[in-house]
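Summary of the model geometry
In case you want the letters, here they are:
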Amino acid sequence: MDRYLTVAEVSAVARRLVSRYPGAGRLRRVGTSRAGRPLEMLSVGHGPAHVLVVARPHPDEPVGAVTALALAERVARGDGHTPAADPARVTWNFVLCLDPDGSALSEGIEAATAGPAPSLEHYFRTAFRPVAAEQPEWAPIESSRLPESQTLFDLIDELRPVLQCSLHGIEAGGTFAQLTDDLPGFATPFHTAAADLSVPVQHGTFDALYWENPAPGVHVLPPPESTGRLAAGSEHIGRSTWCAPQRYGGVTAIVEAPMWASALADDPSPHPDAVRALRGLSRLVRDGGEQVTAVLDKARGFLPPPEESAPRRVLEWMAGGLYDLVADSWQPLARQAAEGAERLTTAQVCALDVVARRQPLRAAGLLLCLLTDSPDPSAPALHAELHGLFRGWCEDFTRALALHWVPVHIQAELQTRTVLAAAGCAVRGGR
């Protein structure tokens, strides 16, 4: 399949799969979202060990649902080519969409990214990502448990999975995996899959800036006491759904596949001027954020209030200090590089470059949608003002990192092979 699927399409495909493999597949409702939408889980196999795969934990990262269906089909057919895919040994459980409410606000992604060469502009005009406190995996870090979060915690307690795989998709760069515990033997098949599919491996990433890094693109959560080595905002990561399987000896793998790839992502050469680059990226995220916020300031009087609009809540959250939080988190790296204690690579700077550019773009895309829908007479002029910035940022992003689209079937195959590799290591290791 070479396109993303809506939540309704995913559910329909899952039902057809169950009807084709009645002895292997089961589909059940496991929870209800805040807005009353169903949370569905597809299970394949009857083995004593359990693998839990979570699709679409972020609504703007739709590839995981395609991956889940492809994996379920492979296991049901019995052609996984690994003991971990043997339905007599392992039961595979797929949460088809963890955030259906957010996904309903990102419904346009499927159309915007269809075709042979989708653009960043179309993607960011349709993508929606909620505030951290409304992200099911991340909300417990913010000391709140959403119904979706509780459903996932309950499933982990019920299944006691040897492995949980959270399927994510980064906008640009390369593929990488984050592990809550080491999985010996995982790196080789992960690297092989990426090489076979011509997807760069991301050497260094903002998401795991100070995690252990035993192999390129593989990051392992540091000990709980190492809070100073975590990315900004993740100091209480032990509360997240990612770490819940640890109480049963299980491990979580967060699997990232890029939508647009950059050859810079796997360039291990020392960056020629990392200090200057980091200072420039800090300015980039701050300046872009300030420009979006300036338009927001002009529109606040006629936009829907935050309590009635999830996109408006995101805009206020970002304007309330998120841009500075991101930029400030890089200052220790800049100091270390200036002192000669840390030689940053081109790939590491590339990873931060992606984050610096995507933050203002996420906000601008949301604000453009709100302005489009507004009947206020001043909205068109503000839309034109912001759209000029937005289009230029998308063009600069594509050009600066030489981005090229990764077809959906390649993204999904990469995640499929990565999950199978992680499951093989977890099952062999007796977790």
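In what follows, the accompanying structure is described. Please read all numbers here as calculations on a predicted model, not as lab measurements. (Residues numbered from 1 in each chain as written. Predicted model: local features only at pLDDT ≥ 70, side-chain atom pairs only at ≥ 80, totals over all residues. Heavy atoms only, no water.)

As for the overall build of the protein
In terms of regular secondary structure, the protein is built from 13 helices and 10 strands. Against the compact-globule benchmark of 22 Å for 431 residues, the protein has a radius of gyration of 21 Å, which places it among compact chains. Each of the three principal axes of the protein carries a C-alpha extent, and together these read 60 × 55 × 40 Å. A sequence separation of at least 24 residues applies to 79% of the contacts in the protein between residues at least 6 apart. Put simply, the protein shows about 16200 Å² of open surface, and 53% of that area lies on carbon and sulfur atoms. Charge-centre separation for the protein: the mean point of 38 positive side chains lies 3 Å from the mean point of 49 negative side chains. (Helix = DSSP H or I, 4+ residues; strand = E, 2+ residues; numbered from the N terminus. Rg over C-alpha atoms; globule rule 2.2 N^0.38 Å. Contact = heavy atoms within 4.5 Å. Areas by Shrake-Rupley, 256 points an atom, 1.4 Å probe, with all protein chains shown as cover. Lys, Arg positive; Asp, Glu negative; His and termini not counted. Charge placed at Lys NZ, Arg CZ, Asp CG, Glu CD.)

Some words on the pairing of strand S3 (residues 49-54)
With 6 of 6 residues buried, S3 lies mostly within the body of the structure. Judged from the 6 bridges that link them, S3 and strand S4 (residues 90-95) form a sheet pairing that is parallel. Looking at S4, one finds that Val51 is bridged to Trp92. Sheet analysis places S3 next to strand S5 (residues 163-173), joined by 4 bridges and oriented parallel. By the bridge assignment, Val51 is partnered in S5 with Leu163. (Buried < 20%, exposed > 50% of the residue type's maximum accessible area, 1.4 Å probe, protein only. Pairing = 2+ DSSP bridges.)

Re the nonpolar core
Judged by nonpolar contacts, the single largest core of 124 residues is most densely connected at Trp92, Phe94, Leu163 and Phe186. With 14 residues, the single largest contributor to this core is helix H11 (residues 346-373). In this structure, Leu52, Leu98, Leu152 and Ile156 belong to the second largest nonpolar core, which totals 11 residues. (Core = buried A, V, L, I, M, F, W, Y, C linked by side-chain atoms within 4.5 Å.)

Some details on the packing of aromatic side chains
Throughout the structure, instances matching the rule amount to 8 aromatic pairs. Taken together, a centroid distance of 6.1 Å and an interplanar angle of 15° make the contact between Trp92 and Phe94 stacked. By relative accessible area, Trp92 is classed as buried at 0%. On the accessibility criterion, Phe94 (0% relative accessible area) is buried. Judged by centre distance (5.5 Å) and plane angle (10°), the rings of Phe186 and Phe190 are stacked. (Phe/Tyr/Trp six-rings, centres within 6.5 Å; stacked < 30°, edge-to-face > 60°.)

Notes on the pattern of salt bridges
This structure, assessed with the given rule, holds 26 salt bridges. For Glu121, the salt bridge identified is with Arg391, shortest N-O distance 3.5 Å. Taken together, the residues span a long stretch of sequence, with Glu121 in helix H5 (residues 120-126) and Arg391 in helix H12 (residues 379-400) at a distance of 270 residues. On the accessibility criterion, Arg391 (40% relative accessible area) is partly exposed. One salt bridge connects Arg286 with Asp324, and the closest N-O pair in it is separated by 2.7 Å. In this pair, Arg286 is assigned in helix H8 (residues 274-299) and Asp324 in helix H9 (residues 310-328), connecting sequence segments 38 residues apart. Residue classification places Arg286 among the partly exposed positions, given a relative accessible area of 24%. (Salt bridge = Lys/Arg side-chain N within 4 Å of Asp/Glu carboxyl O.)

Details of the side chain of His50
Following the sequence through the fold, His50 ends up in strand S3. Of the polar contacts made by the side chain of His50, one reaches the side chain of Asn93; its length is 3.1 Å. (Polar contact = N/O pair within 3.5 Å; in protein donor to acceptor, adjacent residues only side chain to side chain.)

Notes on helix H2 (residues 63-77)
With 15 residues, H2 ought to run about 21 Å at 1.5 Å a step, and its terminal C-alpha atoms sit 21 Å apart, in line with that. Residue Gly78 follows H2 closely and has a positive phi angle near 80°. (Expected span 1.5 Å × (residues − 1).)

Points about H9
Between its terminal C-alpha atoms H9 stretches 26 Å, which fits the 27 Å expected from 19 residues at 1.5 Å a residue. Of all bends in H9, the biggest is about 55°, found at Ala319. Next to the buried residues of H9 lie helix H3 (100-105), H8, helix H10 (331-338) and H11. Structurally, the start of H9 carries an N-cap: the backbone nitrogen of Arg312 is 3.1 Å from a side-chain oxygen of Ser309. (Bend = angle between axes of the 7 residues up to and from the residue.)

A look at the environment of Arg300
When you line up the elements, Arg300 lands in the loop between H8 and H9. As for Arg300 and Glu316, which are separated by 16 residues in sequence, their C-alpha atoms are 9.9 Å apart. For Arg300, the residues in contact, after removing those within four places along its chain, are Arg312, Glu316 and Ala319. Within the local environment of Arg300, its side chain forms a polar contact with the side chain of Glu316, the two groups lying 2.9 Å apart.

Considerations on the state of the cysteines
Throughout the structure, instances matching the rule amount to 0 disulfides. Of all cysteine sulfurs in the structure, the one in Cys165 sits closest to Cys97, which takes part in no disulfide; the separation is 17 Å. Residue Cys97 is classed as buried on the basis of its relative accessible area of 7%. For the unlinked cysteine Cys369, the closest cysteine sulfur is that of Cys394, found at 12 Å. On the basis of relative accessibility, which here comes to 27%, the residue Cys369 falls in the partly exposed class. (Disulfide = S-S within 2.5 Å.)

Comments concerning the environment of Leu155
Looking at the element boundaries, Leu155 is found in helix H6 (residues 147-159). The exposure class assigned to Leu155 is buried, which follows from its relative accessible area of 3%. Contact partners of Leu155, with chain neighbours within four places excluded, come to Arg28, Val30, Met41, Val95 and Arg160.

Everything listed here is a matter of geometry and, on its own, says nothing about what the molecule does.
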